[in-house]
Protein chains: 2
Amino acid sequence: MDEPGLLAANEAFYAAFRARDLQAMESLWARHCPCVCIHPGWSPILGRGPILRAWAAILANESSPTVEGLDPQVVQLGDDVALVLCIERVESLADSGIFAATNTFVREDDRWYLAHHQASPIAVDDSPDEPVAPADLPN
Amino acid sequence: MDEPGLLAANEAFYAAFRARDLQAMESLWARHCPCVCIHPGWSPILGRGPILRAWAAILANESSPTVEGLDPQVVQLGDDVALVLCIERVESLADSGIFAATNTFVREDDRWYLAHHQASPIAVDDSPDEPVAPADLPN
């Protein structure tokens, strides 16, 4: 399992978000595999083009939040597909919140690319320092 | 792509939920692959055992909602890994809501099993009849 590569790809996603760097964000999404992005409260967006147009709007919006991806955990589903679960700490001028995120990566041309992102709000009493149930992986 | 098999596995998940059939639910989750379940508002649950204990509590709870999985769409990520996206219409005595769900299936022993489920609330003006952005798959 390429845990270092997956963790680096996951962190690159949040770094691109924080830097509001659309070019970096664009570089992270899969070229060949179909892509899906489910932002909190949104219907699923399907396809690389629509996903990147939505990111362009989000990253250009000054009121968009800053996001950290905390406590990442890699879950390998196949040789070339893996999830990285993490807890997103989201802060904006208006609000803040904690989200559970699944980032699904596929390996293309020997590099990990995002194929799916979904973030869901979780109860605020879930401390971001200890967010995930005791892992008994592999199960 | 085994779209019929994946759609059948996805529908079996919602049928088990509606029937409050823990044995059927148990039969759907992967044996060998690590499993993850993110219920709305919950932190991620990792591992087949903890996931099924949570389902036992949900299915035994008379106030748990009934759920339909509408408009399923298959997104193949690899030979043996695929997402089924759908819109969940959730109804309970107290409340109702619309959720975007990702159900991630892995093929084990020539059968599709759930390895990951995540459901997120989406805005109520997203009609369940037309929930997903125009798909331009493959992208």
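Above this note sits the structure.
Quick caveat: nothing in here was measured; it's all calculated off a predicted structure.

Q: Looking at this model, I keep getting lost on the sheet that holds strand 2 (residues 45-46) of chain B. Mind explaining?
A: Across a sheet, strands are paired by hydrogen bonds formed along the backbone, either parallel or antiparallel in direction. Residue and element names in this part refer to chain B. One open sheet accounts for six strands, arranged 2-1-6-5-4-3; its pairing is mixed. The sheet is open, and its two borders are formed by strand 2 and strand 3 (66-78), each paired with just one other strand. Together, strand 3, strand 4 (81-91), strand 5 (96-108) and strand 6 (111-121) form the strand contacts of helix 1 (residues 3-19), whose direction differs from that of strand 3 by roughly 150 degrees.

Q: What is the right way to read the pattern of salt bridges from this model?
A: Opposite charge on two side chains allows them to pair when their charged atoms are near. One pass over the full model with this rule turns up 10 salt bridges over all chains. We note a salt bridge from Glu11 of chain B to Arg18 of chain B, for which the minimum N-O separation is 2.7 Å. When salt bridges with common partners are traced through the structure, they connect Glu26, Arg31 and Arg48 of chain A into a single cluster.

Q: Looking at this structure, how should I read the interface of chain B and chain A?
A: Frequently, the measure chosen for interface size is the accessible area removed from exposure when the parts meet. Counting residues at the interface gives 45 residues for chain B, matched by 45 residues for chain A. At the boundary of chain B with chain A, total buried surface from both sides reaches about 3,400 Å², with 62% on carbon and sulfur atoms. Put simply, chain B and chain A have 11 residue pairs in polar contact (both at pLDDT 80 or more) between them. Those elements that provide at least two residues to the side of chain B that touches chain A are strand 1 (36-38), strand 2, helix 3 (48-60), strand 3, strand 4, strand 5 and strand 6 of chain B.

Q: Please explain unusual backbone geometry as it appears in this structure.
A: In this structure, Asp109 of chain A is a non-glycine residue whose phi angle is positive, near 50 degrees. Secondary-structure assignment places Asp109 of chain A in the loop between strand 5 (96-108) and strand 6 (111-121).

Q: I'm lost on the packing of helix 1 of chain B against helix 3 of chain B in this one. Help?
A: Each pair of packed helices gets described by two things: the angle between the helix axes and the distance between those axes. All names here are of chain B. Direction vectors running N to C along helix 1 and helix 3 enclose 50 degrees, while the axes themselves pass 9 Å from each other. Of the possible angle classes, the one that applies to helix 1 and helix 3 is oblique. The segment helix 1 lies against helix 3, with Phe13, Ala16 and Phe17 engaging Trp55, Ile58 and Leu59. Across the contact of helix 1 with helix 3, the residue classes tally to six nonpolar, no polar and no charged.

Q: Would you take a moment to explain helix 3 of chain B for this structure?
A: Along an α-helix, residues three or four apart share an orientation, since each turn contains 3.6 residues. In this model helix 3 of chain B runs 18 Å from its N-terminal to its C-terminal C-alpha over 13 residues, within 8% of the 18 Å that 1.5 Å per residue would give. Among all positions in helix 3 of chain B, only Arg48, Pro50, Ile51, Leu52, Ala54, Trp55, Ile58 and Leu59 of chain B are buried.

Q: Help me understand the relation of the copies chain B and chain A, please; the structure alone is not making it clear to me.
A: Relating one copy of the chain to the other takes a rotation about an axis and a shift parallel to that axis. Between chain B and chain A, the superposition needs a rotation of 180 degrees and an axial shift of 0.0 Å, giving an RMSD of 0.0 Å. Here the transformation between the copies is reduced to the relation of a two-fold axis. Closest approach to the rotation axis within chain B is made by the C-alpha atom of Ser120 of chain B, at a distance of 2.6 Å. Comparing interface residues between copies, 100% of those in chain B also lie at the interface in chain A; the contact surface is shared.

Rules behind the numbers
- Residues numbered from 1 in each chain as written.
- Chains lettered and ligands numbered in written order.
- Predicted model: local features only at pLDDT ≥ 70, side-chain atom pairs only at ≥ 80, totals over all residues.
- Heavy atoms only, no water.
- Pairing = 2+ DSSP bridges.
- Helix = DSSP H or I, 4+ residues; strand = E, 2+ residues; numbered from the N terminus.
- Contact = heavy atoms within 4.5 Å.
- Axes fitted to C-alpha atoms, helices over the stretch in contact; angles between N-to-C directions.
- Salt bridge = Lys/Arg side-chain N within 4 Å of Asp/Glu carboxyl O.
- Buried area = accessible area lost by both parts, 1.4 Å probe.
- Polar contact = N/O pair within 3.5 Å; in protein donor to acceptor, adjacent residues only side chain to side chain.
- Parallel < 35°, antiparallel > 145°, perpendicular 65-115°, else oblique.
- Nonpolar A, V, L, I, M, F, W, Y, C, P; charged D, E, K, R; others polar.
- Expected span 1.5 Å × (residues − 1).
- Buried < 20%, exposed > 50% of the residue type's maximum accessible area, 1.4 Å probe, protein only.
- Least-squares fit on C-alpha atoms with pLDDT ≥ 70 in both.

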